[in-house]
Amino acid sequence: KLAPDNEDGLFLLVKSWVGYGYAFPEDEYEAGTAADNNALAEYHKGRAQHAYDRALFYGMELLARHAEGFDAAKRDLPSLKAWLDASFTAPEDAETLFWVANAWLARVNIAKEDPEQVARLWVGVAMMERSVALDPTYMGWGGTATLASYHARSGMAELDLAKTQFETAIAKTNRKALLPIMNYGARYGCVKNDRALYEKLLKEVVDAGDVDPENRLQNMLAKRRASRYLKKSWMLNECGFE
């Protein structure tokens, strides 16, 4: 409020609300779902939605201060891509787009039963694609891993591309970033109906030591989710693995 034009402050608010939403309320939402406690799951789902709403609010403010015209550009994909290409041209712009895209995609994912939200998924995807084009190495190839998860969203999606992107992110981080490995198993292995790959990758995450102290928090989150996804009830309900 004291410095409304402070882009650094807006950036930190976007990043912090996205990180908080994923690490805490969304994780607790999954835990409630796994425990078959609908009331608890819905409560934490609402908390996650509010976190991502806040992230998007600040993200839209940040985009507006970087370049005008986002609302007009997102009327269709060609217009949005043209706006992104013209407005974000430096490698350092990748971090802004990465976190705003993450906020957009996370908000859609937590409300995927809402057709209106799902219909706007492509906006977040386009922003993440531009981020990767500018600097694929940002956040340990996190943009590539995020796009891989998108391309593994269903059995009818772009699974070959998802496989390539997951394996690229994993190779580029020397298997020290556990979130891409976890998502490769949990998302690709699930929709591909490949139980062997699913279990192999998730067990690799669970059994991994402190492989990268600089990414200890992210890797801890990957381990916690991988343990949950290996439970028989989760595998049956989410993937149909008996």
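Just above sits the structure.
Report on the accompanying structure. (Residues numbered from 1 in each chain as written. Predicted model: local features only at pLDDT ≥ 70, side-chain atom pairs only at ≥ 80, totals over all residues. Heavy atoms only, no water.)

Regarding the state of the cysteines
Argument step 1. Tallying each qualifying case throughout the model produces one disulfide.
Argument step 2. Sulfur-sulfur distance for the disulfide between Cys 190 and Cys 239 comes to 2.1 Å. Its S-S torsion of about -120° marks the bond between Cys 190 and Cys 239 as left-handed, since a negative value means left-handed. Of the two residues, Cys 190 is situated in helix 11 (residues 178-191) and Cys 239 in helix 14 (residues 232-239); the sequence distance between them amounts to 49 residues.
Argument step 3. You can call Cys 190 buried: its relative accessible area is 12%.
Argument step 4. Of the residues examined, Cys 239 reaches a relative accessible area of 14% and is grouped as buried. (Disulfide = S-S within 2.5 Å. Helix = DSSP H or I, 4+ residues; strand = E, 2+ residues; numbered from the N terminus. Buried < 20%, exposed > 50% of the residue type's maximum accessible area, 1.4 Å probe, protein only.)

Let's talk about the nonpolar core
Argument step 1. In terms of nonpolar packing, the biggest core is built from 36 residues, with Phe 70, Leu 80, Trp 83, Leu 84 and Met 127 touching the most fellow members.
Argument step 2. Elements supplying a minimum of two residues to this core: helix 1 (7-23), helix 3 (38-66), helix 4 (70-73), helix 5 (77-87), helix 6 (93-110), helix 8 (121-134) and helix 9 (138-151).
Argument step 3. If you tally residues by element for this core, the top one is helix 6, at 10 residues.
Argument step 4. Beyond its immediate chain neighbours, meaning those up to four positions away, Leu 80 contacts Phe 70, Ala 73, Lys 74, Trp 122, Val 123 and Ala 126.
Argument step 5. Listed in part, the 27 residues of the second largest apolar core include Ala 186, Leu 201, Val 205 and Met 235. (Core = buried A, V, L, I, M, F, W, Y, C linked by side-chain atoms within 4.5 Å. Contact = heavy atoms within 4.5 Å.)

Thoughts on the packing of helix 2 (residues 25-34) against helix 13 (residues 216-229)
Argument step 1. Contact geometry for helix 2 and helix 13: axes closest at 11 Å, N-to-C directions at 15°. One element, helix 2, and the other, helix 13, form an angle in the roughly parallel class. Judged by the twist between their axes, the crossing of helix 2 over helix 13 is left-handed. When helix 2 is examined against helix 13, the residues Glu 26, Asp 27, Glu 30, Ala 31 and Ala 34 are found in contact with a partner set consisting of Arg 224, Arg 225, Arg 228 and Tyr 229.
Argument step 2. Partitioned by chemical class, the residues of the contact of helix 2 with helix 13 number three nonpolar, no polar and six charged. (Axes fitted to C-alpha atoms, helices over the stretch in contact; angles between N-to-C directions. Parallel < 35°, antiparallel > 145°, perpendicular 65-115°, else oblique. Left-handed = near helix turned anticlockwise from the far one by under 90°. Nonpolar A, V, L, I, M, F, W, Y, C, P; charged D, E, K, R; others polar.)

Remarks on the pattern of salt bridges
Argument step 1. Under the defined criterion, the tally for this structure stands at 19 salt bridges.
Argument step 2. Across the salt bridge formed by Glu 28 and Arg 47, the nearest N and O atoms sit 2.5 Å from each other. Placement of the pair is Glu 28 in helix 2 and Arg 47 in helix 3, with a sequence separation of 19 residues.
Argument step 3. Among the charged side chains, a network of salt bridges with common partners joins Glu 26, Asp 27, Glu 30, Arg 224, Arg 225 and Arg 228. (Salt bridge = Lys/Arg side-chain N within 4 Å of Asp/Glu carboxyl O.)

With respect to unusual backbone geometry
Argument step 1. For Asn 174, which is not glycine, the phi dihedral falls at a positive 55°.
Argument step 2. With respect to the helices, strands and loops of the structure, Asn 174 is situated in the loop between helix 10 (159-172) and helix 11.

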